[in-house]
Amino acid sequence: TRLGSLVALILNETVSTTQGKKLLGVMYNEDMNSLPLDIAEQNNWKLISDLNQLKTLCRDVILDGNNAKQFEQYKQGGKNVRKMTKFFTGKIMAESRGNAHPELMGTALQL
């Protein structure tokens, strides 16, 4: 069933729970026939779980000239590390339009 396919996508971490909620809305309000995976691909609602792709995304955001001040604060260490890690996490999620896998992104940020 389509609902079972949606649950499997969430459990397999192909889509996030937030993306799953969006998918559910589309499945039952707009597109009554397509499979959840097809809807997710059409709307670019799949989590980025490739570690190399996440590392590149993290590097691009951190080294972006607009974030130079925050990167310098991060390099100072101390209390700035936690604050700037949260700042960069938000920027990376925004850049990926919410598609970065949260746990794997944390790993990629540490590398």
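Going by the structure above, here's the rest.
Residues numbered from 1 in each chain as written. Predicted model: local features only at pLDDT ≥ 70, side-chain atom pairs only at ≥ 80, totals over all residues. Heavy atoms only, no water.

A short note on the overall build of the chain
- Helix and strand counts for the chain come out as 7 helices and 0 strands.
- Ordered by position from the N terminus, the helices and strands of the chain form the series α-α-α-α-α-α-α.
- For 111 residues, the compact-globule formula gives about 13 Å, and the C-alpha radius of gyration of the chain, at 17 Å, lies well above that figure.
- Judged by the C-alpha coordinates and their principal axes, the chain covers about 55 × 25 × 20 Å.
- Residues classed as buried in the chain amount to 33% of the 111 residues present. (Helix = DSSP H or I, 4+ residues; strand = E, 2+ residues; numbered from the N terminus. Rg over C-alpha atoms; globule rule 2.2 N^0.38 Å. Buried < 20%, exposed > 50% of the residue type's maximum accessible area, 1.4 Å probe, protein only.)

What about the environment of Gly-98?
- Here Gly-98 lies in the loop between helix H6 (79–95) and helix H7 (102–110).
- A C-alpha to C-alpha distance of 20 Å links Gly-98 and Asn-66, two positions 32 residues apart in sequence.
- Contact partners of Gly-98, with chain neighbours within four places excluded, come to Gln-19, Leu-47 and Met-93. (Contact = heavy atoms within 4.5 Å.)

Notes on the packing of aromatic side chains
- Applying the stated criterion to the full structure yields 1 aromatic pair.
- Pairing Phe-87 with Phe-88 gives two aromatic rings, centres 5.3 Å apart and planes at 75 degrees, and the pair type is edge-to-face.
- By relative accessible area, Phe-88 is classed as buried at 3%.
- Over the ring of Tyr-28 we find Arg-2; its NZ or CZ atom is 5.6 Å from the centre of that ring. (Phe/Tyr/Trp six-rings, centres within 6.5 Å; stacked < 30°, edge-to-face > 60°. Lys NZ or Arg CZ within 6 Å of the ring centre and 35° of its normal.)

Details of the packing of helix H4 (residues 51–62) against H7
- One can describe the packing of H4 onto H7 by two numbers: an axis separation of 9 Å at closest approach and a directional angle of 60 degrees. It follows from the interaxial angle that H4 and H7 lie oblique. In the packing of H4 onto H7, the handedness of the crossing is right-handed. Contacts from Leu-51, Leu-54, Lys-55, Cys-58 and Ile-62 in H4 reach Leu-104, Met-105, Thr-107, Ala-108 and Leu-109 in H7.
- Its residues assigned to classes, the contact of H4 with H7 comprises 8 nonpolar, 1 polar and 1 charged. (Axes fitted to C-alpha atoms, helices over the stretch in contact; angles between N-to-C directions. Parallel < 35°, antiparallel > 145°, perpendicular 65-115°, else oblique. Left-handed = near helix turned anticlockwise from the far one by under 90°. Nonpolar A, V, L, I, M, F, W, Y, C, P; charged D, E, K, R; others polar.)

Here's the deal with the nonpolar core
- Grouped together as the largest cluster of nonpolar side chains are 13 residues, with contacts concentrated most on Leu-54, Cys-58, Phe-88, Ile-92, Ala-100, Met-105 and Leu-109.
- Contributions of two or more residues to this core are made by H4, H6 and H7.
- Not counting residues up to four positions away in its chain, the partners in contact with Ala-100 are Leu-47, Ile-48, Leu-54, Leu-57, Ile-92, Met-93 and Met-105.
- The next biggest cluster of nonpolar side chains, apart from the first, holds 9 residues, and it includes Leu-23, Ile-39, Ala-40 and Trp-45. (Core = buried A, V, L, I, M, F, W, Y, C linked by side-chain atoms within 4.5 Å.)

In short, shape yes, function no, at least from these values alone.
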